[in-house]
Amino acid sequence: MESKKRKKINLTPANVLTAACIVLLLIIAATGFYIVDGTEQAVVTRFGKYTKTLSPGLNFVIPFVDQVYKVPVKTVQKEEFGFRTARSSERSEYQNSILSESSMLTGDLNIINVEWVIQYKIVDPKAWLFNVEEDQRNKTVRDISKSVVNSLVGDRAIMDIISLDRDSIAVLAQEKMNEKYKQIGLGISVSSVQLQNIVPPHEVQAAFEDV
């Protein structure tokens, strides 16, 4: 039997160009479409410069040129001051009395230990990513929060802080923190400030409880 003759592929410049275009389109289709989760927004840079912010859903970016950074804008983030949650469960465990954060001077020159929690969300992904260095973001959030609470405690007498002014301190702290975060363009908004334990130092706590 005569062997079948193999059909020769005619590699003309036009055929090569067509094949290259098909491969390129397949690569773009596979890598150019980007899905943003419903809890996120995504910031796009092109050659290191901000281009746009992507909303949740299917989006298109230029492969190998655009860089995408996911930002969890729907996630409520938390910072604890004066204590830490060592284990979160039905019976949570805490590390209390971190005095470097909680110990403060009151307006009537007494020492008091204040523990509090802030909750916040990222509201401007571009500002969050580019206005403060990544390794400084958490420190900036904490430094401003501590500065605000220290200032409010320093304007009040110790007995007012423990009783009458507790709620007003939390409200004012939220307002002042948001003002300062907005001034530096951090891109976050504090949704709540919750004061936890507010107690005098252990050495004089019994005397204050008697009062």
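Residues numbered from 1 in each chain as written. Predicted model: local features only at pLDDT ≥ 70, side-chain atom pairs only at ≥ 80, totals over all residues. Heavy atoms only, no water.

## What to know about the overall build of the protein
Within the protein one finds seven helices and eleven strands. Residues classed as buried in the protein amount to 33% of the 211 residues present. As presented, the protein carries roughly 13800 Å² of accessible surface, and 54% of it is formed by carbon and sulfur atoms. (Helix = DSSP H or I, 4+ residues; strand = E, 2+ residues; numbered from the N terminus. Buried < 20%, exposed > 50% of the residue type's maximum accessible area, 1.4 Å probe, protein only. Areas by Shrake-Rupley, 256 points an atom, 1.4 Å probe, with all protein chains shown as cover.)

## Examining helix H6 (residues 166-184)
With 19 residues, H6 extends 27 Å between its outermost C-alpha atoms, agreeing within 8% with the 27 Å of an ideal straight helix rising 1.5 Å per residue. All buried positions along H6 are accounted for by Ile169, Ala170, Ala173, Met177 and Tyr181. Projected down its long axis, H6 carries its buried residues within an arc of 95°, all on one side. Turned more than 90 degrees away from the buried face of H6 sit Asp167, Lys182 and Gln183, all of them exposed. Of the surrounding elements, those touching the buried residues of H6 are strand S10 (111-122), helix H4 (137-154), helix H5 (158-162) and strand S11 (188-199). Looking one or two places after H6, you find glycine 185, whose phi comes out positive at around 70°. (Expected span 1.5 Å × (residues − 1). Arc of directions from axis to C-beta. Contact = heavy atoms within 4.5 Å.)

## Let's talk about the environment of glycine 185
Checked against the element boundaries, glycine 185 lands in the loop between H6 and S11. Since its relative accessible area comes to 18%, glycine 185 is described here as buried. For the pair glycine 185 and phenylalanine 130, spaced 55 residues apart in the sequence, the C-alpha separation amounts to 9.4 Å. Setting aside its immediate chain neighbours within four residues, glycine 185 contacts Ala127 and Asn131.

## What to know about the side chain of serine 102
Of note, serine 102 is situated in helix H2 (residues 99-102). In contact with serine 102, not counting residues within four places along its chain, are Gly82, Ile112, Asn113, Val114 and Glu115.

## Quick notes on the nonpolar core
Considering soluble globular proteins, one finds that nonpolar side chains tend to be buried as a cluster. Membership of the largest hydrophobic core comes to 33 residues, with the highest contact counts inside it found for Val114, Trp116, Ile118, Trp128, Met177 and Tyr181. Those elements giving two or more residues to this core turn out to be S10, helix H3 (125-130), H4, H5, H6 and S11. What isoleucine 118 contacts, discounting residues up to four positions off in sequence, is Gln77, Lys78, Glu79, Phe81, Val141, Ser145, Met177, Tyr181, Val190, Ser192 and Val193. Val36, Ala42, Val44 and Val61 belong to the second largest nonpolar core, which has six residues in total. (Core = buried A, V, L, I, M, F, W, Y, C linked by side-chain atoms within 4.5 Å.)

## Thoughts on the packing of H4 against H6
For the pair H4 and H6, interaxial distance at closest approach is 9 Å and the crossing angle is 135°. Classed by the angle they form, the pair H4 and H6 counts as oblique. H4 and H6 meet at a crossing whose hand is right-handed. Contacts between H4 and H6 involve Thr140, Val141, Ile144, Ser145, Val148, Val149 and Leu152 on the former and, on the latter, Ile169, Leu172, Ala173, Lys176, Met177, Lys180, Tyr181 and Ile184. Class assignment of the residues belonging to the contact of H4 with H6 gives a composition of eleven nonpolar, two polar and two charged. (Axes fitted to C-alpha atoms, helices over the stretch in contact; angles between N-to-C directions. Parallel < 35°, antiparallel > 145°, perpendicular 65-115°, else oblique. Left-handed = near helix turned anticlockwise from the far one by under 90°. Nonpolar A, V, L, I, M, F, W, Y, C, P; charged D, E, K, R; others polar.)

## Considering the sheet that holds strand S5 (residues 66-71)
Either a parallel or an antiparallel arrangement is found when strands of a sheet pair, and the pairing is made through backbone hydrogen bonds. With respect to topology, three strands assemble into an open sheet ordered S3-S2-S5, the strand pairing being antiparallel. Each of the sheet's edge strands pairs with one partner strand only, and the pair in question is strand S3 (49-54) and S5. This sheet shows a mean twist of 25° between the axes of neighbouring strands, independent of strand direction. As judged from the five bridges shared by strand S2 (residues 41-46) and S3, these two strands associate in the antiparallel manner. Along S3, the bridge assignment pairs arginine 46 with lysine 49. (Pairing = 2+ DSSP bridges.)

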